[in-house]
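Topology and contacts: notes
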Amino acid sequence: MPRISLPSLPISGLFGLAKPSGPTSMSVINDVKILVAQSRLFVEADKLEKSKGQKAKRKHARGGIKIGQGGTLDPLADGVLAVVGVGKGTKKLSEFLDCTKEYVTTCLLGCETDTYDSEGARVRTAPWQHVTREKVESALSQFTGEIQQTPPIFSALKMDGMPLYEYARKGIPLPRPIEPRKVTVHSLELVDWKGADHAYRWPEKAFSEEEKKAMEIALKGAEGDVSVTDDLDPAAVADVPTAFVLKMKVSGGTYVRSIVHDLSHSLGSAGHVVTLSRSRQGRFALEPVEENDFGCVSWDVFQRASADPGDVDEEGWTEWEREVIRRLDVVNT
């Protein structure tokens, strides 16, 4: 194994972390912080000795080192969770909040959920049998370029001091329309038409009539006459709904779930996200292809290290440290 050339220790830097679907972003980052705070790669030896037995506090881990991340992912999503900044690297994290990101997502037609993904509850169902691959491809141009996106009502964004989801859950009319946001979709393409050949199904949990009524009341306050009803023939509920996969490159702040939701509406149906993978965040990518790209460290590496750091190599590095070093963007200033 070739020797690793590093500037004098400890160092500051940035590295990408690849998350699987399931864990929350914070749980993953917190476990990584504990490992980073115990490593001579990032912490001075004397501080490591003094910090033994202490717990990390917020963004300052044991030894007083700064650790932060430039973004999060929903539990459903996998891929480039965050660019982790250590030491001086934390000063560079803001550039990854608004940077270009790439995603691959699967849309399941016929059902709209409150969260716009499969983690939520069914809000309404709609026909999907009329939607063809050609119709989807023709509709994509409506969502490419500079577009206006309206955040979902079931989000934590606040209006007059109250989260939007509280209006929807309590049936309180919105005082005004949800303000759309300007985002840029650099590219959007259909990469896989699954049709009915898949194992995805609509969520079992569904809105009650009372919950639908509360949502209608909230939306009527800003959008006028709104009806949240099922448009699907009951006989079609047992059929396997159509699914397809989209690949997109978007600006920071873009709601991928909203693209899927709005695209489904434009097709005369309903839809939600069942898989979501972030394949790129700025210069950190799952599959580096450009000259200045950096790869990402798999969460499995950190998970193994959290249970057992394992043996060190001839240079004194554990497996997770060596994997980080291989993909580390060193920051000197």
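Given the structure is predicted, the values throughout are model-derived calculations rather than measurements.

Quick notes on the overall build of the protein chain
Helix and strand content of the protein chain: eight helices and 15 strands. Projected onto the principal axes, the alpha-carbon positions of the protein chain cover approximately 70 × 40 × 35 Å. Nonlocal contacts in the protein chain, meaning residues at least 24 apart in sequence, comprise 76% of its contacts between residues at least 6 apart. Working note: accessible area of the protein chain is about 16300 Å², and carbon and sulfur atoms make up 48% of it. Of the side-chain charges in the protein chain, 43 are positive and 48 negative, and the distance between the mean point of each set is 8 Å.

Focus: the pattern of salt bridges
A complete count under the given rule lists 21 salt bridges for this structure. The partner of Arg257 in a salt bridge is Asp117, and the shortest N-O contact between them spans 3.5 Å. Of this pair, Arg257 sits in helix H6 (residues 256–266) while Asp117 sits in the loop between strand E5 (111–113) and strand E6 (122–125), placing them 140 residues apart in sequence. Between Asp160 and Arg176 there is a salt bridge, with the nearest N and O atoms lying 3.0 Å from each other.

As for the nonpolar core
In terms of nonpolar packing, the biggest core is built from 62 residues, with Phe15, Phe42, Leu246, Leu263, Phe302, Trp320 and Val324 touching the most fellow members. Ile153, Phe154, Leu174 and Val228 belong to the second-largest nonpolar core, a separate cluster that totals 16 residues.

Brief notes about the packing of aromatic side chains
Per the counting criterion, the structure on display carries eight aromatic pairs. Geometrically, the ring pair formed by Trp193 and Phe244 is stacked, given 5.7 Å between the ring centres and 5° between the ring planes. Separated by 51 residues along the polypeptide, Trp193 in strand E10 (residues 181–195) and Phe244 in strand E11 (residues 243–250) bring together distant segments of the chain. A relative accessible area of 24% places Trp193 in the partly exposed class. Since its relative accessible area comes to 0%, Phe244 is described here as buried.

Quick word on the packing of helix H1 (residues 25–36) against helix H7 (residues 299–307)
Packing of H1 against H7 leaves a shortest axis separation of 10 Å and a crossing angle of 60°. Between H1 and H7, the interaxial angle falls into the category oblique. Every pair of crossing elements has a handedness; the one defined by H1 and H7 is left-handed. Listed contacts from H7 to Val28, Asp31, Val32 and Leu35 of H1 are Trp299, Phe302, Ala305 and Ser306. In terms of residue class, the contact of H1 with H7 is built from six nonpolar, one polar and one charged.

Topic: the environment of Gly253
Counting through the fold element by element, Gly253 comes out in the loop between E11 and H6. A relative accessible area of 44% places Gly253 in the partly exposed class. Sequence separation between Gly253 and Arg176 is 77 residues; the distance between their C-alpha atoms is 22 Å.

Reading the values: rules and limits
- Residues numbered from 1 in each chain as written.
- Predicted model: local features only at pLDDT ≥ 70, side-chain atom pairs only at ≥ 80, totals over all residues.
- Heavy atoms only, no water.
- Helix = DSSP H or I, 4+ residues; strand = E, 2+ residues; numbered from the N terminus.
- Contact = heavy atoms within 4.5 Å.
- Areas by Shrake-Rupley, 256 points an atom, 1.4 Å probe, with all protein chains shown as cover.
- Lys, Arg positive; Asp, Glu negative; His and termini not counted.
- Charge placed at Lys NZ, Arg CZ, Asp CG, Glu CD.
- Salt bridge = Lys/Arg side-chain N within 4 Å of Asp/Glu carboxyl O.
- Core = buried A, V, L, I, M, F, W, Y, C linked by side-chain atoms within 4.5 Å.
- Buried < 20%, exposed > 50% of the residue type's maximum accessible area, 1.4 Å probe, protein only.
- Phe/Tyr/Trp six-rings, centres within 6.5 Å; stacked < 30°, edge-to-face > 60°.
- Axes fitted to C-alpha atoms, helices over the stretch in contact; angles between N-to-C directions.
- Parallel < 35°, antiparallel > 145°, perpendicular 65-115°, else oblique.
- Left-handed = near helix turned anticlockwise from the far one by under 90°.
- Nonpolar A, V, L, I, M, F, W, Y, C, P; charged D, E, K, R; others polar.

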